[in-house]
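# Summary of structural features
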Amino acid sequence: MKQLLGYFKVMSPGFSTKTVLVQQEVMVNGENTIVSARKVFTLDALDGERVYRMTNPKFFLQQDGTVLKITGKFQTDVLLPT
């Protein structure tokens, strides 16, 4: 089960702004007890490209090696940005 927690803005080296969505994946057993949970970060859509945390918490890494810098605060609005 996935749950949207919020989003924040990042900037690519070409100065284009993108949105990283923060979701939580929860695994439950047959008794509905949470077995594990993890945060998943995707670009611009719930099923978008996954991005990964780096050692420095201000940066994320795309699968092609592009580094994205956080430029906005974490938002928990119900509606996704356009």
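Above: the structure in question.
Residues numbered from 1 in each chain as written. Predicted model: local features only at pLDDT ≥ 70, side-chain atom pairs only at ≥ 80, totals over all residues. Heavy atoms only, no water.

## Quick word on the overall build of the chain
As a reminder of what qualifies: Secondary structure elements are taken from DSSP: a helix is a run of H or I of four residues or more, a strand is a run of E of two residues or more, and numbering for both begins at the N terminus. When a residue's accessible area, from a 1.4 Å probe over protein chains only, is under 20% of the maximum for its type it is buried; when over 50% it is exposed; and in between it is partly exposed.
Counting its regular elements, the chain contains 0 helices and 6 strands. Along the chain, from the amino end to the carboxyl end, the secondary structure elements read β-β-β-β-β-β. Projected onto its principal axes, the C-alpha coordinates of the chain cover approximately 50 × 30 × 20 Å. A burial count over the chain gives 24% of its 82 residues as buried.

## Remarks on the pattern of salt bridges
Heads up, the condition is: Each reported salt bridge corresponds to a side-chain nitrogen of Lys or Arg within 4 Å of a carboxyl oxygen of Asp or Glu.
All chains considered together, the criterion is met by 2 salt bridges. Residue Lys2 is joined to Glu25 by a salt bridge in which the shortest nitrogen-to-oxygen separation is 3.7 Å. Of this pair, Lys2 sits in strand E1 (residues 2-11) while Glu25 is found in strand E2 (residues 17-28), placing the two residues 23 residues apart along the sequence. Look at Glu25 and you get buried, because its relative accessible area is 19%. Arg38 is the salt-bridge partner of Glu25, the closest N and O atoms lying 2.7 Å from each other.

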